[in-house]
Amino acid sequence: MINASLQHFCNRIVAAGTLGLEDVRELNRTILPEGLTCREEADMLFGLDRAMPDADEAFGEWLIASVVDFAVWGERPTGHIDADTAHWLAASLGCGRGPTVTGARIAVEVVREAETNDPALIAFALKANRARVGAEDEVEEILSYAVAA
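Cut-offs and rules
- Residues numbered from 1 in each chain as written.
- Predicted model: local features only at pLDDT ≥ 70, side-chain atom pairs only at ≥ 80, totals over all residues.
- Heavy atoms only, no water.
- Helix = DSSP H or I, 4+ residues; strand = E, 2+ residues; numbered from the N terminus.
- Expected span 1.5 Å × (residues − 1).
- Buried < 20%, exposed > 50% of the residue type's maximum accessible area, 1.4 Å probe, protein only.
- Arc of directions from axis to C-beta.
- Contact = heavy atoms within 4.5 Å.

Draft legend 1. Highlighting helix α1 (residues 4-16). Taking 1.5 Å per residue, 13 residues should reach 18 Å; α1 reaches 18 Å between its end C-alpha atoms and fits that length. Of all the positions in α1, only Leu6, Phe9, Cys10 and Ile13 are classed as buried. All buried residues of α1 lie within an arc of 95 degrees about the axis, which places them on one face of the element. Across from the buried face of α1, at angles greater than 90 degrees, the exposed residues are Ala4, His8 and Ala15.

And the structure:
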């Protein structure tokens, strides 16, 4: 179930048309002080990332760290990205149009952090980051995880 204050926060940010550093601090300290607790919260924030392409860089960094923590260490099996989690991440981050820059980075960081990854997430991370200019190092690193698996 989505935190009502998170819904209110996202509505307020979209209405204001700006997401600054103070908003990120509020999100971290007040709205989600324990981090993400469910996929629906992550999905809502993926939508906010799409809606606010000019958000403060701190939002992207916070979102990446929060999703990695939730997907890798909060979901079961802990430390492993199974098929269900991989498909959820790929579908939610891709949103039918392909991931945002932050979404592509989330996929890479999840692959890096997890002990094992379902091939669907590795494939998604590769495809998402091949499209990004300057992501050659990430693509090489993802390929090394795929070979090691």
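Draft legend 2. Focus on the environment of threonine 85. Within the element layout of this structure, threonine 85 appears in helix α5 (residues 83-94). On the basis of relative accessibility, which here comes to 2%, the residue threonine 85 falls in the buried class. Sequence spacing of threonine 85 and alanine 120 is 35 residues, and the spatial spacing of their C-alpha atoms is 9.6 Å. In this view, threonine 85 contacts Arg39, Ala71 and Glu75; residues no more than four positions away in its chain are not counted.

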